[in-house]
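Coordinate inspection notes
So the chains spell out like this:
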Amino acid sequence: MTHHTPASISCAFDSGNIVVHSITAQATGGWRAELSIRKDRESDFFQWFHFRVAGQPGDMLELVITGLKDSAYPGGWPGYRACVSEDRDFWGRAETSYDEAAGALTIRHQLISSLAWFAYFAPYSMERHHDLVAEIASRPGVLHRELGQSLEGQPIDCLQMGHGPVQVWLYGRQHPGESMAEWWMEGALEKLTDPADPHARLLREACTLHIVPNMNPDGSCRGHLRTNVAGVNLNREWHAPTAERSPEVLCVLNAMDQSGVHWAMDVHGDEAIPAVFIAGFEGIPGWTDDQGVRYNRFRDLLASRTPDFQTRQGYPKAPAGKANLAMSTNQIANRFTASHGCVAMTLEMPFKDNNDLPDAEQGWSPERSKLLAHDCMAVLAQMVAEAG
Ligand code: ZN
């Protein structure tokens, strides 16, 4: 069988990232492409990929992404399966293998139609971000604020709801390649603005909620893994953000200083660990046992509420006094200890799957990210109710 048109690969769209080195027809039919991932601008980080393949229905594709020994998280590749979609709505997983010695990830997929999209995780485009902000801002009781702008002039959107004294901040996607964070935000916003939802009603009564669904729009558009357009890792800027390097952080921190913070959740994805977990603020100079007790209570309630969350795997804890205050969770917990008894946490969802409850078809997914947000908000409501 002969192919009439060669396969073609493109990444010239929102959050696209791939370098095409060669595309060759295979003797057995189908196509083999040799690819690599572009670094974040002004940075050495790379891991996020997102591209489109056009071919013929039925074509067998062999897509080999090379050079991954130098990627940001080489431990992210073993056991990882690439995300694939034919309709850009449902994202499944493709047959994927990793050659650790060669640093090469091989994705094998047969085209059903003439097009398929491949990504490190189901993308969350800036167009979808604007759709989300427009929809949520139009709902009753929601105040939209533009807290500032990114280095490239994109808005840093904040959606505010509720009138209670407890100040809650939810923010995500400091690392733009961690698109599951914005899927989580979509889930949180849908629940929090549901007029009938009992947890949301309680939270809106007791709290003022400030939600920043995307802290790094420039990196998101550009298909970055970890930095803004200037190559700055925003989650290492919270001790001293500046308008020149990190206006995205500066404007959010200024708004937090105005409101104060009782509860903060910074939402991320983790490349290597096949589980959902939270990381806290052990080692901050202002640590109080009361903060620790409430952090642990939140964690344990969430673990008992959903099998998609666990407490065995996670990051090592910082020793006393050794917390990195450039990271937002440590900075916010420490900054608002004395004034608010703040509990802050970093939520990590996997790029791979939750191996305690694996999903062969989808792995970790947008749908599960959204449902996890629902459970997190239910637990937050319980914590707020317990505090009276
Ligand atoms: Zn992250």
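Reference entry: report on the structure contained in this document. One numbering rule holds for all chains: residues counted from 1, following each sequence as written. Local features in a predicted model are, by the rule used here, given only for residues with pLDDT of at least 70; side-chain atom pairs are given and counted only at 80 or more, and totals for whole chains, interfaces and linings are based on all residues. Side-chain metrics in this entry use all non-hydrogen atoms of the structure; hydrogen atoms and water are not considered.

1. Observations regarding the overall build of the protein
Filter applied, for reference: Secondary structure follows DSSP: runs of H or I at least 4 residues long count as helices, runs of E at least 2 residues long count as strands, and numbering of each begins at the N terminus. Categorising residues by exposure relies on relative accessible area from a 1.4 Å probe, with only protein chains included: less than 20% of the type maximum marks a residue as buried, more than 50% marks it as exposed, and the intermediate range marks it as partly exposed. Every residue pair with non-hydrogen atoms within 4.5 Å of one another is taken to be in contact.
From N to C terminus, the protein includes 9 helices and 17 strands. If one aligns the C-alpha atoms of the protein with their principal axes, the spans along those axes are about 70 × 45 × 40 Å. The buried share of the protein, taken over its 388 residues, is 57%. A fraction of 76% describes how many contacts in the protein between residues 6 or more apart in sequence connect residues 24 or more apart.

2. Section: the coordination of the zinc ion
Cut-off, in case you're wondering: With water excluded from the atoms, a metal site may look incomplete; its donors are any N, O or S atoms within 2.8 Å, or within 3.2 Å for Na, K and Ca. Geometry assignment treats four donors as tetrahedral when all angles are between 85 and 135 degrees, treats four as square planar and six as octahedral when opposite donors are over 155 degrees apart and all others between 65 and 115, and treats everything else as irregular.
At the metal site, the zinc ion is ligated by H175 (ND1), E178 (OE), E178 (OE) and H268 (ND1), and these contacts range over 2.1 to 2.4 Å. The coordination sphere of the zinc ion comprises 4 donor atoms, whose angles at the metal cover 57 to 147°; the geometry is irregular. Taken in sequence order, the residues that donate to the zinc ion follow the motif H-x2-E-x89-H. Placement of H175 in the loop between β13 (166-172) and α2 (180-192) and of H268 in strand β15 (residues 263-270) is noted, with a sequence separation of 93 residues between them. On the basis of relative accessibility, which here comes to 3%, the residue H175 falls in the buried class.

3. A word on unusual backbone geometry
Phi angles above zero are rare outside glycine, and S15 is one such case at about 65°. Tracing the backbone shows S15 in the loop between β1 (8-10) and β2 (19-25). Of note in this structure, E42 is not a glycine but carries a positive phi near 60°. With respect to the helices and strands, E42 occurs in the loop between β3 (31-36) and β4 (50-54). According to the relative accessible area criterion, E42 is exposed, its value standing at 59%.

4. Comments concerning the sheet that holds strand β6 (residues 83-85)
Operational definition: A pair of strands is treated as paired once DSSP finds two or more bridges between them.
Strand order in the open sheet made by the 5 strands is β1-β4-β10-β6-β7, with antiparallel pairing throughout. Edge positions in the sheet fall to β1 and β7 (92-93), since each of these pairs with one other strand and no more.

5. Focus on the environment of V252
Residue placement: V252 occurs in helix α5 (residues 247-259). Residue V252 is classed as buried on the basis of its relative accessible area, which comes to 0%. Distance from V252 to S114, taken between C-alpha atoms, is 43 Å for residues 138 residues apart in sequence. With sequence-adjacent residues up to four places away left out, V252 is seen in contact with L147, I156, W169, V212, M215 and W238.

6. Overview of the packing of aromatic side chains
Aromatic ring pairs are described here by two measures, namely the spacing of the ring centres and the angle between the planes. Just so we agree on the cut-off: Pairing of aromatic rings covers Phe, Tyr and Trp, the last counted by its six-membered ring, and requires centre-to-centre distances within 6.5 Å; plane angles under 30 degrees mean stacked, over 60 mean edge-to-face, and any other angle means tilted. Whether a charge sits over a ring depends on NZ of Lys or CZ of Arg being within 6 Å of the ring centre and within 35 degrees of the ring normal.
Counting across every chain of the model gives 15 aromatic pairs. On the basis of an interplanar angle of 40° and a centroid distance of 6.1 Å, the ring pair of F49 and F51 is categorised as tilted. Each member of the pair, F49 as well as F51, is classed as buried. Over the aromatic face of W117 sits the side chain of R88, whose NZ or CZ is 5.5 Å from the ring centroid. Positioned over the ring face of F45 is R226, at 5.4 Å from the centre of the ring.

7. What to know about the pairing of β13
Within β13, 6 of the 7 residues are buried, leaving the element largely enclosed by the surrounding structure. Sheet topology note: the β13/strand β14 (residues 207-212) ladder contains 6 bridges and is parallel. Residue pairing in the sheet places Q167 in a bridge with T208 of β14. Summarising the sheet, β13 and β15 pair through 5 bridges and their orientation is parallel. Across the sheet, the residue bridging to V168 is W263, located in β15.

8. Quick word on the sheet that holds β3
Selection criterion: The angle between two axes is taken between their N-to-C directions and runs from 0 to 180 degrees, where each axis is a line fitted to C-alpha atoms and a helix contributes only its stretch in contact.
Strands sit in the order β2-β3-β5-β9-β8 across an open sheet of 5 strands; the sheet is mixed. Looking at which strands have only one partner, the edges of the open sheet turn out to be β2 and β8 (95-99). Within the sheet, the average angular offset between the axes of one strand and its neighbour, ignoring direction, is 15°. Where β2 and β3 come together, 6 bridges link them in antiparallel fashion. For V20, the partnering residue across the bridge sits in β3 and is L35.

9. Remarks on the side chain of H50
Rules: Any pair of nitrogen or oxygen atoms within 3.5 Å is treated as a polar contact; in protein, a donor-acceptor pairing is required on top of that, and neighbouring residues in sequence qualify only through side-chain atoms on both sides.
Residue position: H50 is located in strand β4. Taking relative accessible area as the criterion, H50 reaches 3% and is therefore assigned buried. A polar contact of 2.9 Å, which involves the side chain of H50, links it to the side chain of S15. If sequence neighbours within four positions are ignored, H50 has contacts with C11, F13, D14, S15, G16, N17, W91, W117, F118, A119 and P123.

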